[in-house]
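Observations on the three-dimensional arrangement
Listed here are the chains, written in short residue letters.
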Amino acid sequence: MSAIIEVKSVSKRFGGFHAVNDCTLSVEKGSVTGLIGPNGAGKSTLFNMVAGTLEPTSGTILFDGEDVTGLPSHALYKRRLLRTFQIAHEFSNMTVLENLMMVPDNQTGEGLIGAWFMPVRVGREEEAIRRKAEEVLDFLKITHVKTELAGNLSGGQKKLLELGRTMMTDAKVVLLDEIAAGVNRTLLNDLASNIERLNRELGYTFFVIEHDMDLIARLCDPVIVMAAGSVMTQGHIADIQNDPRVIEAYFGG
Ligand code: ADP
Ligand code: MG
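Residues numbered from 1 in each chain as written. Chains lettered and ligands numbered in written order. Predicted model: local features only at pLDDT ≥ 70, side-chain atom pairs only at ≥ 80, totals over all residues.

In the nomenclature of an unreviewed UniProt entry, the chain corresponds to ABC transporter ATP-binding protein from the organism Georhizobium profundi. Taken directly from UniProt, the Sequence similarities (unreviewed entry) text for the chain runs: "Belongs to the ABC transporter superfamily." (UniProt positions renumbered as here; feature names shortened; annotations may be inferred.)

Now the structure itself:
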């Protein structure tokens, strides 16, 4: 395996505060890599830098061997690195199918507002997009909610739709920031099996921030632990969970 994401000595300061401090880590192509750590560890800040929504104060980020440090999210999106976005309220009055059909080509770091202004294409291209959307629904086994308004979906179904939107672009790498929050067990199981299938059958690489340790244990290998802005350790979840430094970081004074 080779690294698809390499973060080298990356720091992010907000004023005088080091949210991320000399962080070095990599994500192997084809892996589902977990990122855990106590609240405030700097996980989301790191994700924002990898996804191009925040510029590092210092350090280098490589994507697929290429220096992408400081590139905006739409440039990374074109290279097919993306993160999921919550369904913006503008989209809750559109059906699930329409939400998928709005995705191609124009996702921005601020959500899908860019796409909102793009008229749905007509003719043959629209037909191809519709077919693709139907394949995505079929893959995720959510064809039964195709004509539901996105706003009426349950929390877990919305997460599946978010995942579906990444599929519309044939993502290579998907960043997931706490997708389990507020999702019931049944749908969490659906979400997890879809992530596994996207990884195994379609070759997606996932980089996953998650608090739900069951989900981490099921999906992620390796798991990287961040604390106070830096990488503390990484390895298999079974070893991580027994590492006294990790236990101290989570539960210590
Ligand atoms: P995590 O996702 O691990 O919980 P974050 O990356 O969200 O942690 O935050 C890391 C630290 O950086 C926190 O102390 C947080 O308050 C701070 N922080 C995050 N974003 C900003 C910002 N835009 N301005 C100032 N401080 C921030
Ligand atoms: Mg966070």
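The next point concerns the nonpolar core. Ranked by internal contacts, the top residues of the largest apolar core, which has 71 residues, are Ile5, Val50, Val174, Phe206, Phe207, Val208 and Val225. Domain assignment of the residues forming this core places at least three in each of domain 1 (1-80 + 171-253) and domain 2 (86-170). Beyond its immediate stretch of four places on either side in the chain, Ile5 contacts Ser26, Val27, Val50, Phe63, Val173 and Phe207. (Core = buried A, V, L, I, M, F, W, Y, C linked by C-beta atoms within 7 Å. Buried ≥ 20, exposed ≤ 12 C-beta atoms within 10 Å, placed from the backbone. Domains from an automatic or database assignment. Contact = placed C-beta atoms within 7 Å.)

With that settled, consider the site of ligand 1. In the vicinity of ligand 1, the contacting residues are Phe14, Ala19, Gly37, Asn39, Gly40, Ala41, Gly42, Lys43, Ser44 and Thr45. Here the residues of the shell around ligand 1 are counted per class, giving three nonpolar, six polar and one charged. (Near = placed C-beta within 6 Å. Nonpolar A, V, L, I, M, F, W, Y, C, P; charged D, E, K, R; others polar.)

On to the environment of Leu187. Residue position: Leu187 is located in helix H7 (residues 185-202). Accessibility expressed as a C-beta count within 10 Å gives 17 for Leu187, which makes it partly exposed. Along the sequence, Leu187 and Gly155 sit 32 residues apart, while their C-alpha atoms lie 8.8 Å from each other. Excluding anything up to four places from it in sequence, Leu187 contacts Ser154, Gly156 and Gln157. (Helix = DSSP H or I, 4+ residues; strand = E, 2+ residues; numbered from the N terminus.)

To continue, consider the sheet that holds strand E1 (residues 3-14). Strand order in the open sheet formed by four strands is E2-E1-E4-E5, and the pairing between neighbours is antiparallel. In this open sheet, the two edge strands, each paired with only one partner strand, are strand E2 (17-28) and strand E5 (66-67). Of the strand pairs in this sheet, strand E4 (residues 58-63) and E5 are connected by two bridges, and their pairing is antiparallel. When the sheet's bridge partners are listed, Leu62 is paired in E5 with Asp67. Running at roughly 120° to E1, helix H1 (residues 43-50) makes contact with E1, E2 and E4 of the sheet. (Pairing = 2+ DSSP bridges. Axes fitted to C-alpha atoms, helices over the stretch in contact; angles between N-to-C directions.)

Helix length check: helix H6 (residues 155-167) (13 residues) gives 19 Å between terminal C-alpha atoms against 18 Å at 1.5 Å per residue, within 8%. Burial of H6 is extensive: 12 of the 13 residues sit out of reach of the surface. Taken residue by residue, H6 has Gly156, Gln157, Lys158, Lys159, Leu160, Leu161, Glu162, Leu163, Gly164, Arg165, Thr166 and Met167 as its buried positions. (Expected span 1.5 Å × (residues − 1).)

Examined against the element boundaries, His18 turns out to sit in strand E2. Given 18 C-beta atoms within a 10 Å radius, His18 is considered partly exposed. Apart from the residues lying within four places of it in its own chain, the contact partners of His18 are Ser11, Arg13 and Gly229.

Right, let's talk about the packing of H6 against H7 for a bit. Between H6 and H7, the shortest axis-to-axis distance is 9 Å and the interhelical angle comes to 15°. Regarding the angle of H6 to H7, the classification is roughly parallel. Crossing geometry of H6 relative to H7 is assigned as left-handed. Listed contacts from H7 to Gly156, Gln157, Lys159, Leu160 and Leu163 of H6 are Leu187, Leu188, Asp190, Leu191 and Asn194. Here the residues of the contact of H6 with H7 sort into five nonpolar, three polar and two charged. (Parallel < 35°, antiparallel > 145°, perpendicular 65-115°, else oblique. Left-handed = near helix turned anticlockwise from the far one by under 90°.)

The next thing to look at is the pairing of strand E10 (residues 230-235). Looking along a regular strand, one sees side chains alternate from face to face of the sheet. Relative to E10, strand E9 (residues 223-227) runs antiparallel, the two sharing five bridges. Within E10, the position partnered with Val225 by the bridge is Thr233.

Here we come to the pairing of strand E3 (residues 32-36). In terms of burial, E3 is largely enclosed, as five of its five residues are buried. Because side chains alternate across E3, one face comprises the buried residues Val32, Gly34 and Ile36, and the other comprises Thr33 and Leu35, equally buried. Relative to strand E8 (residues 205-209), E3 runs parallel, the two sharing four bridges. Of the residues in E8, the one forming a bridge with Leu35 is Ile209. In the sheet, E3 pairs with E9 via three bridges, with the strands oriented parallel. Paired with Gly34 across the strands is Val223, a residue of E9.

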